[in-house]
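The chain contents come next:
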Amino acid sequence: MGDQQQLILATGGYDHTIKVWQAHTGNCIKTMRFVETSQVNALDRTPDKTRLAACGYQCIRLYDLESNCTAPVINFDGVQKNVTRLGFQEDGNWMFTAGEDHHVRIWDMISAPPHCSRVFDCEAPVNAACLHPNQVEIAMGSQNGSVFLWDVKSERHERIVPEVDASIQDVAISPDGRYLAAVNNKGNCYIWSLTSQDQKMSTLRPSKKIQAHSRYILRCKFSPDSRLLLTTSGDGTVGIWKTDDFTKWRELCIENYWVWDAAFSADSKWLFTASSDGIARLWKLATKSPIREYTGHTKAITALSFKDEIVGK
């Protein structure tokens, strides 16, 4: 899994802390205070791996991973309600955030301090957002059941409602740009195939509905090789689906707990999970077995971030 020094796992949760771990040893390197009034909803590292962004109730914080400082280096101003997701454009030039104030925002990270340069109104609280590998389209999922695809450059968008009276909990786009997945609070996962031509916006074609879980789905993510899709749920399982036909390939189980978040390794052979028992785990997918535990959080872990693509130093 790449250069071992680079292998950093970050976790955050209900205990108002963010922990940074050496992925290959399970050692906690650093603990950072989050906001006393909020759980950590999402974490993402900047593309240069030097900083970690975290979001929660009425807050977005940016932490320096290279210094000993445990306080945030940037505190984003004027953020309303619960901020549910964030992520970075591949050059780190901008960041997107999604929240229950109905908006997805683009933050210019080159300016100091960062400022909000663009806003999309989903007309309902937004639970999820993710960036297309083309770096110009953002998929979004809202509590009223809408899935949006927004072209940040042209400001065009498309909206779909796959299921009425269901809240979209997460959205994901495969790294090869072929599929969009959306999961809801009824345990269903919807797949669309994505096609794009001549700089035009991607078009969505319904492809599959998977009755993935018996309960609430919390997250969905594609593997780096785009061959697998994971779904995490309140039923205590992670479902892993093959994208060639969207049949179930594996199921990982943490009984009696919610699996809040998960992330693949760069070679798509390993998986990290975050769950409500306060433990993060590393799983070997071939054997469906947990091989390492990351213990230290005192309450549920609700978000994690892991990226191990090897970069030239």
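Residues numbered from 1 in each chain as written. Predicted model: local features only at pLDDT ≥ 70, side-chain atom pairs only at ≥ 80, totals over all residues. Heavy atoms only, no water.

- The name given to the protein in an unreviewed UniProt entry is Protein LST8, with the source organism recorded as Drosophila gunungcola.
- Listed under Subunit (unreviewed entry) in UniProt, the entry text for the protein is "Part of a minimal complex, TORC1, consisting of mTor, raptor and lst8. Interacts with mTor but not raptor. Does not require raptor for binding to mTor. Part of a minimal complex, TORC2, consisting of mTor, rictor and lst8."
- In UniProt, the protein has this text filed under Sequence similarities (unreviewed entry): "Belongs to the WD repeat LST8 family." (UniProt positions renumbered as here; feature names shortened; annotations may be inferred.)

### Digging into the packing of aromatic side chains
Phase 1 of the analysis: For the structure on display, the rule yields 11 aromatic pairs.
Phase 2 of the analysis: Ring centres of phenylalanine 120 and phenylalanine 148 lie 5.5 Å apart, and the angle between their planes is 70 degrees; this geometry places the pair in the edge-to-face category. Here phenylalanine 120, found in strand β11 (residues 115-121), pairs with phenylalanine 148, found in strand β14 (residues 147-151); they are 28 residues apart in sequence, far enough to count as distant. Across this residue pair, the class does not change: phenylalanine 120 and phenylalanine 148 are buried.
Phase 3 of the analysis: Ring geometry for phenylalanine 272 versus phenylalanine 306: centroids 4.4 Å apart, planes at 40 degrees, classification tilted. Highlighted residues: phenylalanine 272 in strand β25 (residues 270-275) and phenylalanine 306 in strand β28 (residues 301-306), separated in sequence by 34 residues. (Phe/Tyr/Trp six-rings, centres within 6.5 Å; stacked < 30°, edge-to-face > 60°. Helix = DSSP H or I, 4+ residues; strand = E, 2+ residues; numbered from the N terminus. Buried < 20%, exposed > 50% of the residue type's maximum accessible area, 1.4 Å probe, protein only.)

### Looking at the sheet that holds strand β10 (residues 103-108)
By definition, the strands of a sheet pair up through backbone hydrogen bonds, in either a parallel or an antiparallel sense.
Phase 1 of the analysis: Here we have four strands laid out as an open sheet, ordered β8-β9-β10-β11, and antiparallel in their pairing. At either end of the open sheet lies a strand with only one pairing partner, and these are β8 (83-88) and β11. Each strand of the sheet is rotated relative to its neighbour by a mean of 20 degrees, with strand direction disregarded.
Phase 2 of the analysis: With five bridges connecting them, strand β9 (residues 94-99) and β10 associate as antiparallel partners. Bridging from a neighbouring strand, phenylalanine 96 pairs with isoleucine 106 of β10. (Pairing = 2+ DSSP bridges. Axes fitted to C-alpha atoms, helices over the stretch in contact; angles between N-to-C directions.)

### Some points on the nonpolar core
Phase 1 of the analysis: If you look at the biggest cluster of nonpolar residues, it comprises 16 residues, and the most contacted ones within it are Ala139, Leu149, Val171, Ile173, Leu180, Trp192 and Leu204.
Phase 2 of the analysis: Elements with a minimum of two residues in this core: β12 (126-131), β14, β16 (168-173), β17 (179-184) and β18 (188-195).
Phase 3 of the analysis: Setting aside residues up to four positions removed in sequence, leucine 204 forms contacts with Leu149, Glu158, Ile160, Leu180, Trp192, Ser193 and Leu194. (Core = buried A, V, L, I, M, F, W, Y, C linked by side-chain atoms within 4.5 Å. Contact = heavy atoms within 4.5 Å.)

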